[in-house]
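Chain residues, written in single-letter form:
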Amino acid sequence: MTKIEKNINLDFYNKIAELLKNARNKVVQTVNTTMVYTYFEIGKTIVEEEQKGKERADYGKQLLKELSIKLRKEFGKGFSVTNLQQMRQFYLTYSKRQTLSDQFKKNAIVFRKLENPDFKLSWSHYLILMRIDNIEERRFYEIEAIENNWSLRELQRQFDSALYERLVLSRDKKAVKKLSEKGQIIENATDSLKDPYVLEFIGLPENKKYSESELEQKIIDKLEHFLLELGKGFTFVGRQVRFTFDEEHFRVDLVFYNRVLQSFVLIDLKIGKLTHQDLGQMQMYVNYYDRFVKLDTENKTIGIILCKDKKDTLVEITLPENNKQIFASRYLTVLPSKEELKKLIENKDEK
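Residues numbered from 1 in each chain as written. Predicted model: local features only at pLDDT ≥ 70, side-chain atom pairs only at ≥ 80, totals over all residues. Heavy atoms only, no water.

On to helix α10 (residues 173–182). Listed as buried for α10 are V176, L179, S180 and E181. Following α10 by one or two positions, G183 adopts a phi angle in the positive range, close to 80°. (Buried < 20%, exposed > 50% of the residue type's maximum accessible area, 1.4 Å probe, protein only. Helix = DSSP H or I, 4+ residues; strand = E, 2+ residues; numbered from the N terminus.)

Right, here's the structure in full:
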């Protein structure tokens with residue numbers, strides 16, 4: 001290190017460095033946004049040109065082929081026929097917003113104006129999104145990806161794990177509409193729940209025998225992924241958190257805090273079928289946290305039992321009728337197809 005470097009105040013240097021980093025990030029974002037807007041306009045221009053020559057059945061195919069040849073000669077790679085078809089589809093997909101209701105338009109986040117789309121994601125994100133035919137489902141993933149800053153991999157994972165379907169099937173029609181207008185809004189404990197939770201990232205095969213401690217360790221090893229699966233507002237507090245009364249020691253497998261709900265969330269892991277004793281134990285955990293841990297300004301503690309199998313009738317009979325604190329959800333260690341997962345969710349009351 002030179003004498004000049006030693007004399008530079010560290011805080012001063014960090015401020016300059018931060019300005020440069022922010023500037024570089026803004027340049028990248030600007031380039032990305034400009035590219036997405038440009039692809040939208042290219043798609044629009046292609047559609048308009050196709051409409052002029054619509055009397056010829058093969059006009060569109062020939063147009064894209066010739067356009068691709070000329071663009072690649074002048075601008076290089078990135079303008080294959082397939083890429084041009086994607087730009088065309090991009091415009092067709094997002095210009096369909098003109099058919100949506102006034103209330104939908106009012107609540108739209110991704111578009112300030114229907115004629116002036118406000119693209120906030122990367123082109124790669126939109127390549128995934130425009131494959132989703134259901135407009136409300138596409139809107140949901142769009143909003144969540146923007147608000148939660150999902151990477152491409154995170155968006156793909158949430159779509160593959162049928163996050164939208166898992167949330168939709170536990171809500172009434174009014175709440176489902178809110179998902180497509182505002183994304184997932186967390187107002188109470190049930191808003192944050194899923195059934196099942198998909199834990200394919202922990203790497204445990206479905207048919208492998210493992211202990212609850214091994215399952216817990218796998219979750220801790222992939223904590224960042226588990227937090228993503230849990231949803232908004234979760235922060236990790238600890239594992240095997242001990243508390244004592246009447247000279248007996250008890251341990252909660254996993255303890256989280258949800259900043260949105262302002263409450264502790266206790267998670268117990270069960271590798272077998274759920275029993276009424278498991279529910280009673282969680283009730284005791286929740287009671288202890290409510291009486292001795294949480295602050296007066298915080299909301300009541302939430303308890304979630306993650307189990308391989310459960311009967312909803314047992315849960316309903318064991319817990320109080322007005323229960324709003326203790327829940328049981330299944331977990332899967334492999335990622336089924338969306339069709340299999342949807343069938344599993346729809347048939348959950350039969351188990």
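A complete count under the given rule lists 30 aromatic pairs for this structure. Taking 6.2 Å as the distance between ring centres and 15° as the angle between the ring planes, the aromatic pair formed by F243 and F245 counts as stacked. Residue classification places F243 among the buried positions, given a relative accessible area of 5%. You can call F245 partly exposed: its relative accessible area is 31%. Ring centres of Y288 and Y289 lie 6.4 Å apart, and the angle between their planes is 70°; on these two criteria the pair is classed as edge-to-face. Among the residues examined, Y288 registers a relative accessible area of 16% and is labelled buried. The rings of Y37, Y39, F40, F90, Y91, Y94, F119, W123 and Y126 are connected pair by pair, giving a single aromatic cluster. R138 extends its terminal NZ or CZ atom over the ring of Y94, reaching a point 5.9 Å from the ring centre. (Phe/Tyr/Trp six-rings, centres within 6.5 Å; stacked < 30°, edge-to-face > 60°. Lys NZ or Arg CZ within 6 Å of the ring centre and 35° of its normal.)

Let's shift gears to the sheet that holds strand β5 (residues 302–309). As summarised here, the arrangement of the six strands in space is β1-β6-β5-β4-β3-β2, forming an open sheet in which the pairing is mixed. With partners counted over all chains shown, the strands left at the sheet margins are β1 (197–198) and β2 (234–245), one partner each. Sheet topology places β5 next to strand β6 (residues 326–332); five bridges connect them, and they run parallel. Looking at β6, one finds that I305 is bridged to A328. With respect to the sheet, helix α11 (residues 212–221) is in contact with β2, β3 (248–258), β4 (263–273) and β6, its orientation differing from that of β4 by roughly 135°. Running over the sheet, helix α13 (residues 276–293) touches β2, β3, β4, β5 and β6 and is turned about 165° from β4. (Pairing = 2+ DSSP bridges. Contact = heavy atoms within 4.5 Å. Axes fitted to C-alpha atoms, helices over the stretch in contact; angles between N-to-C directions.)

Let us now look at helix α7 (residues 135–147). Taking 1.5 Å per residue as the helical rise, α7 with its 13 residues ought to reach 18 Å, and the 18 Å between its terminal C-alpha atoms agrees with that figure. Those residues of α7 that fall on the buried side of the exposure criterion are E137, R138, R139, F140, Y141, E142, I143, E144 and A145. One side-chain oxygen of the residue at the start of α7 lies 2.9 Å from the amide nitrogen of E136, identifying that residue as N134. Directly after α7, the chain includes N149, whose backbone phi takes a positive value near 55°. (Expected span 1.5 Å × (residues − 1). Polar contact = N/O pair within 3.5 Å; in protein donor to acceptor, adjacent residues only side chain to side chain.)

Let us now look at the confidence of the model for the protein chain. Averaged over all residues, the pLDDT of the protein chain equals 84, while 86% of them reach at least 70. For the protein chain, helix α5 (residues 102–107) is the element with the lowest average pLDDT, namely 41, and β3 is the one with the highest, namely 96. Across residues 98–115 the pLDDT falls below 50, and counting only partners more than four positions away or on other chains, this stretch makes 33 contacts in the model. (pLDDT = per-residue confidence, 0-100.)

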